[in-house]
Amino acid sequence: MTYEFMQQYWWFLISLLGALLVFLMFVQGANSMIFNLSGDETERKMLVNSTGRKWEFTFTTLVTFGGAFFASFPLFYSTSFGGAYWLWMVILFSFVLQAVSYEFQNKLGNIFGPRLFQWFLVINGILGPLLLGGAVATFFNGSNFIIEKTNIINSAQPVISRWANASNGLDALLDVWNLVFGLAVLFLARILGTLYIINNVADEQIRSRARKRLLYNTVAFLILFLAFFVRTLFKDGYAFDPDKGVVVMESNKYLHNLLEMPLVLVILLIGVVLLLYAIYKTVRQNDYIKGIWPGGVGVVMAVLALLLCAGWNNTAYYPSNVDLQSSLTLANSCSSEFTLRTMTYVSFLIPFVLAYIVKAWHAIDKKKIDREEMATDDHAY
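All residue numbers refer to positions counted from 1 along the written sequence of the respective chain. Predicted model: local features are reported for residues with pLDDT of at least 70 only, side-chain atom pairs are reported and counted for 80 or more only, and whole-chain, interface and lining totals are derived from all residues. Note that the side-chain values use all heavy atoms of the structure and ignore hydrogens as well as water.

1. Some thoughts on the overall build of the protein chain
Looking only at helices and strands, the protein chain has 17 helices and four strands in total. Compactness check: the protein chain gives a C-alpha radius of gyration of 21 Å against a globular reference of 21 Å for 381 residues, within 12% of the reference. Per-residue burial for the protein chain yields a buried fraction of 52% across its 381 residues. Note on contacts: a residue pair is in contact if any heavy atoms of the two residues lie within 4.5 Å. Here the contacts in the protein chain between residues at least 6 apart in sequence split such that 77% fall between residues at least 24 apart. Distance from the positive charge centre (27 side chains) to the negative charge centre (25 side chains) of the protein chain: 6 Å. Note on conventions: DSSP H or I runs of at least 4 residues are helices, E runs of at least 2 residues are strands, and numbering of each starts at the N terminus. The size measure is the radius of gyration over C-alpha atoms, and the globule rule it meets is 2.2 Å times the number of residues to the 0.38 power. Exposed residues in this analysis have more than 50% of their type's maximum accessible area, buried residues have under 20%, and partly exposed residues fall in between, with area computed by a 1.4 Å probe over protein chains only. Lys and Arg are tallied as positive, Asp and Glu as negative. Neither His nor the chain termini are counted. Charge coordinates come from a single atom per side chain, which is NZ of Lys, CZ of Arg, CG of Asp or CD of Glu.

Here it is as structure tokens:
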């Protein structure tokens, strides 16, 4: 295992975690539609309990994603999480709202009533995917930061990365294409949310409403995603010249990446086909409730391919719009060879962790959520 191979390997793992995180945001997608999919308090309780049994998976994956980035590419972590901290603070605050909402909406002594906390879930359901999508879009559109590694010897302020303005990351929301991708991720989360609710909640009224919402959200997602995707393929991209050690602009860089990495292109196409198949079959067949599985696998594959396209093939995965040579690549932002090698050995335990997650998920989902359970379960949210 060479140093370069381990850099590529860890970007693959980071991309896989990011793809799994997008899939698990079906929790946020379903929560954003609590009041659209329910007709009374019992139905809202069913929806909240359905997502409430999975929200820890999403939050844990988000934390693991950040931790893995910190360990494998610490310069990105210090630049983005440290420089664009207002953007990440808003994202994390929305997830804190989610955790508080689940735990306190039906607690004794709640003077606000459950509805306020359900609205908190809606807020997280909208802000979480929207802002995370906007943050990921900066991998293709760039951010406003400067890297000065010589500052490490400055005893007064040994900070090598800083944001170029006072917005500390909120300026990402001023780029319309970041917002377009953020909205696309939001509607994708809502698609996954409806597919999950159809599978997990045994109530025909809720399933009927979810199928209608599935169609509307799919149309919005396709318009937004295709606009972003086509524009990204044909825009100038950020290429890294390994011989000269510099970042240069290259026309149609991301299109070239897909063409030069045919396996990544195949993964992307298969992912898109699986998602569209899940949506089509769920809308067309009222008795089909398993769309979350082909749809979920499709989303993981498609997002994985997009993130690989952003970092592999000598591409600056976190470009700077202020100073092009400050852009981060796999080579100039990764941990030491010893650290990556040690982490690589530890990563071999990942299949055992995934097996535990699958077993836990299966145990939670043995019985579909229905009205009877909401009336008799004292531990329901």
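Picking up after the structure, the text goes on.
2. Overview of helix α11 (residues 253–260)
Those residues of α11 that sit buried are K253, Y254, N257 and L258. The arc that holds the buried residues of α11, viewed along the axis, is 140°, so those residues lie on one side. For α11, exposure combined with an orientation more than 90 degrees from the buried face picks out L259 and E260. The inward-facing, buried residues of α11 abut α8 (114–141), α10 (204–233), β3 (236–241), β4 (246–251), α12 (262–284) and α13 (292–311). To be clear, the arc concerns the directions from the helix axis to the C-beta atoms.

3. Re the packing of helix α9 (residues 176–200) against α10
A fitted line through C-alpha atoms represents every axis, and for helices the fit uses only the stretch in contact; the resulting angles, taken between N-to-C directions, go from 0 to 180 degrees. Relative orientation of the contacting elements α9 and α10 amounts to 155°, with a least axis distance of 8 Å. Comparing their axes, α10 and α9 come out roughly antiparallel. As for how α9 packs across α10, the hand of that crossing is left-handed. Throughout, the ten residues Ala, Val, Leu, Ile, Met, Phe, Trp, Tyr, Cys and Pro are labelled nonpolar, Asp, Glu, Lys and Arg are labelled charged, and all others, Gly among them, are labelled polar. By residue class, the composition of the contact of α9 with α10 is 20 nonpolar, four polar and five charged. Comment on the angle field: the value is read as roughly parallel under 35 degrees, roughly antiparallel over 145, roughly perpendicular from 65 to 115, and oblique elsewhere. Each helix crossing is assigned a hand: it is left-handed if the near helix lies turned anticlockwise from the far helix by less than a right angle, otherwise right-handed if that turn is clockwise.

4. Quick notes on empty space enclosed by the protein
Buriedness for pockets is judged along seven lines, at least five of which must meet protein on both sides within 12 Å for an open set on the 1 Å grid over protein atoms alone, while cavities are sets there where a 1.4 Å probe fits but cannot get out, and lining residues have an atom within 4 Å of a point. Grid points are joined across faces, edges and corners, and a volume is the space filled by probe spheres set on the points. Counted under the stated rule, the structure contains one cavity of 30 Å³ or more. In this structure, the largest cavity spans a volume of roughly 70 Å³. Surrounding the largest cavity, F140, F225, F228, F229, T232, L233, Y254, L258, L306 and C309 form its lining. Looking at the lining of the largest cavity, the elements with two or more residues in it are α10, α11 and α13. Counting residues per element, the lining of the largest cavity draws most heavily on α10, which supplies five residues. The residue inventory of the lining of the largest cavity, partitioned by class, reads nine nonpolar, one polar and no charged.

5. Regarding the layout of surface pockets
Within this model, the largest pocket holds a volume of roughly 1,000 Å³. Together, 30 residues line the largest pocket, and L17, L20, V353, L354 and I357 are the ones closest to its centre. Considering every element that reaches the lining of the largest pocket, the biggest residue donor is helix α1 (residues 3–24), with eight residues. Tallied by class, the residues present in the lining of the largest pocket amount to 24 nonpolar, six polar and no charged. Around the second largest pocket, the lining is made up of 46 residues, and of these V22, F181, V185, V303 and L306 lie nearest the centre. In terms of residue count, the dominant contributor to the lining of the second largest pocket is α8 (seven residues).

6. Side note on the nonpolar core
Only buried Ala, Val, Leu, Ile, Met, Phe, Trp, Tyr and Cys residues count toward a nonpolar core, and they belong to the same one when joined by side-chain atoms within 4.5 Å. By size, the foremost hydrophobic cluster in this structure holds 107 residues, and its most contacted members are W11, F69, F73, F139 and Y317. Not counting the four nearest positions on each side in its chain, F73 is found in contact with Q7, W10, W11, I14, A68, Y317, L330, S333, C334 and S335.

7. Section: a nonpolar patch on the surface
Patch definition: residues above 30% relative accessible area lacking any salt bridge, with like charges linked at up to 9 Å and the nonpolar side chains Val, Leu, Ile, Met, Phe, Trp and Tyr linked at up to 5 Å. Under the convention used here, a 1.4 Å probe and the Shrake-Rupley method define accessible areas, while residue burial counts only the protein chains that appear. Note on definitions: salt bridges are taken to be side-chain nitrogens of Lys or Arg within 4 Å of carboxyl oxygens of Asp or Glu. A contiguous nonpolar patch, built from Y85, W86, M89, V90 and L170 and spanning about 450 Å² of accessible area, is present on the exposed surface. By secondary structure assignment, the location of V90 is in helix α7 (residues 85–104).

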